[in-house]
Amino acid sequence: MALLTDTRLRALKPRPKVYRVSDMDGLCIEVRPSGARCWRFRYRFAGRANMLSLGEYPAMSLQDARRERDRLRGMVKAGRDPSAARQDERLRATLASADSFEAVAREWMSQRGEWTAATHLRATWILETYAFPWIGRRPVSSLTALDVLALVRRPESLGKHDTATRLKQRVGQVMRYAVGTGRADRDPTGDLRGALKTVRARHHAGLTDRTAVGGLMRAIWDYRGHAPTVIALRLTPLVFLRPGELRQALWSEIDLDAAEWRIPGERMKMRTPHIVPLSRQALDLLCDLQPLTGGSPHNFLFPSIRSRRRPMSDATIGAALRKLGYTSDQQTAHGFRTTASTLLNEAGFNRDWIERQLAHSERDGVRAAYNYAEWLPERRRMMQAWADLLDALRDGGKVLSFTPPVAGRVR
């Protein structure tokens, strides 16, 4: 029997049915009707005939096919079934894939039902951008502190210190989940304490001088642009919500008759419902907005200019402030919370009213869940007084009185 050569292999033509041409010692080439030529190895193990696919010609050359045949013949002589060994390899690869860092991370994220859509999006983005390309395919159990350090050094080297810190936190959360599900022995991120550069935290800038706040309010009311953006900019200081809580608002949350904005817990940072009493000024703005974006309870108050199915960008209010000449070190959208908190506290309003209206965290989560309507009448009066103060400061007049009822003073 003549051995196969490259010349013979190239000359093989397809037929209506599959046929094979032998080389020697069990190696043959299988020619399919499609024209594909595939190497096959035929052998007997434990009295049974078996056949394995080795690869396609010419991607696998004649010489490589013979070497692979010889390796498999050696396994048979050593008492190992090449077919069973291949199945074991595939099973190990499947298990390794299921326990890769990316697989474990996506499994962990899929179970974070308490997250808002924005939090889930940010977590997915940071892992897909800074983790998966480098360690996504690695078995989660094989990762070391040095692996994670190399990972977080990349954004840190670009000056993205917050991103580096958040990346380390997310990797640590995935690793702790892997430990809890029996796929890793420990979380290596604990060994990196102090390894990242410490950057002084930047607080959300907000004006707290009354004269400066008055100038800001005048600038806001002089702003010209897309109508919903103008209204969002004017409403932001009145309700002093977190930017994400405002821009993702739905009309179903607004009760104009009751002068209340009720935000469900899943949209709040602290995961508890929140009530915003609406001042007369806030109601006027919402009444102006309703013909523009209302029409359905499921509509966003402030939809994106590009698609009404999405809320406006989280950069919109900030961009408007920059356009008015205020830098991020002077005033941010989030900074209106600082402005309101400072001036309300200075005026002697009850600190508990202010903290409840700011929807700050409460150590007792159960208490927070049931007390979100606490001090609502007092908060309603406080929000109206706040709106009146902003009007007075905007008009440049002297504020003669901005004090809460006697019962509301801090004792």
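Each value, and the rule that gives it
- Residues numbered from 1 in each chain as written.
- Predicted model: local features only at pLDDT ≥ 70, side-chain atom pairs only at ≥ 80, totals over all residues.
- Heavy atoms only, no water.
- Helix = DSSP H or I, 4+ residues; strand = E, 2+ residues; numbered from the N terminus.
- Buried < 20%, exposed > 50% of the residue type's maximum accessible area, 1.4 Å probe, protein only.
- Contact = heavy atoms within 4.5 Å.
- Areas by Shrake-Rupley, 256 points an atom, 1.4 Å probe, with all protein chains shown as cover.
- Salt bridge = Lys/Arg side-chain N within 4 Å of Asp/Glu carboxyl O.
- Axes fitted to C-alpha atoms, helices over the stretch in contact; angles between N-to-C directions.
- Parallel < 35°, antiparallel > 145°, perpendicular 65-115°, else oblique.
- Nonpolar A, V, L, I, M, F, W, Y, C, P; charged D, E, K, R; others polar.
- Pairing = 2+ DSSP bridges.
- Phe/Tyr/Trp six-rings, centres within 6.5 Å; stacked < 30°, edge-to-face > 60°.
- Lys NZ or Arg CZ within 6 Å of the ring centre and 35° of its normal.
- pLDDT = per-residue confidence, 0-100.

## Structural notes on the overall build of the chain
What the chain contains, in helices and strands, is 17 helices and 7 strands. By residue count, 43% of the 411 residues in the chain fall in the buried class. If you take every contact in the chain between residues at least 6 apart in sequence, the share linking residues at least 24 apart comes to 58%. Carbon and sulfur atoms provide 51% of the accessible area of the chain, an area that totals close to 22,600 Å².

## Details of the pattern of salt bridges
Scanning the entire structure with this criterion turns up 23 salt bridges. Arg20 is paired through a salt bridge with Glu30; the nearest N and O atoms lie 2.9 Å apart. Note that Arg20 is positioned in strand 1 (residues 19–22) and Glu30 in strand 2 (residues 27–31), a separation of 10 residues in sequence. Residue class for Arg20 comes out partly exposed when judged on its relative accessible area of 40%. Between Asp23 and Arg69 there is a salt bridge; the shortest N-O distance is 3.3 Å. Here Arg69 lies in helix 2 (residues 62–77) and Asp23 lies in the loop between strand 1 and strand 2, a separation of 46 residues in the sequence. The class of Asp23 is buried, set by a relative accessible area of 0%. On the basis of relative accessibility, which here comes to 6%, the residue Arg69 falls in the buried class. Ionic contacts of the salt-bridge type, sharing partners, join the residues Arg20, Glu30, Arg32 and Arg40 into one network.

## Observations concerning the packing of helix 15 (residues 351–358) against helix 17 (residues 376–395)
Working note: a packed helix pair is described by the angle between its axes plus the distance between those axes. Contact pair helix 15 / helix 17: the axes reach a minimum separation of 10 Å and the direction vectors enclose 80°. One element, helix 15, and the other, helix 17, form an angle in the roughly perpendicular class. Together, Trp353, Ile354, Arg356 and Gln357 of helix 15 and Glu378, Arg379, Met382 and Met383 of helix 17 make up the contact between the two elements. In the contact of helix 15 with helix 17, the residues fall into 4 nonpolar, 1 polar and 3 charged.

## Regarding the pairing of strand 2
Among the 5 residues that make up strand 2, 5 are buried, leaving the element largely enclosed by the rest of the structure. A two-sided burial pattern is seen for strand 2, the buried positions comprising Leu27, Ile29 and Val31 on one face and Cys28 and Glu30 on the other. Sheet analysis places strand 1 next to strand 2, joined by 4 bridges and oriented antiparallel. Bridge pairing links Tyr19 to Val31 in strand 2. Here strand 1 folds back onto strand 2, and the loop between the two strands holds 4 residues, one of which, Asp25, carries a positive phi near 55°. When strand 2 meets strand 3 (residues 37–45), the two strands line up antiparallel, connected through 5 bridges. The residue of strand 3 that forms the bridge with Cys28 is Arg40.

## So, the packing of aromatic side chains
Tallying each qualifying case throughout the model produces 7 aromatic pairs. Note on Phe240 and Trp386: the rings are 6.3 Å apart at their centroids and 85° apart in plane angle, and the pair reads as edge-to-face. With Phe240 in the loop between helix 10 (227–239) and helix 11 (243–247) and Trp386 in helix 17, this pair connects stretches of sequence that are 146 residues apart. In this pair, the class of Phe240 matches that of Trp386, namely buried. Cation over ring: Arg15 sits above Tyr19, and NZ or CZ is 3.7 Å from the ring centre. It is Arg394 that lies over the ring of Trp221; its NZ or CZ is 4.3 Å from the centre.

## Let's talk about the confidence of the model for the chain
For the chain, the mean per-residue pLDDT works out to 86, and 89% of the residues sit at or above 70. Note that residues 407–411 has pLDDT below 50 and, in this model, 11 contacts with residues that lie over four places away or in other chains.

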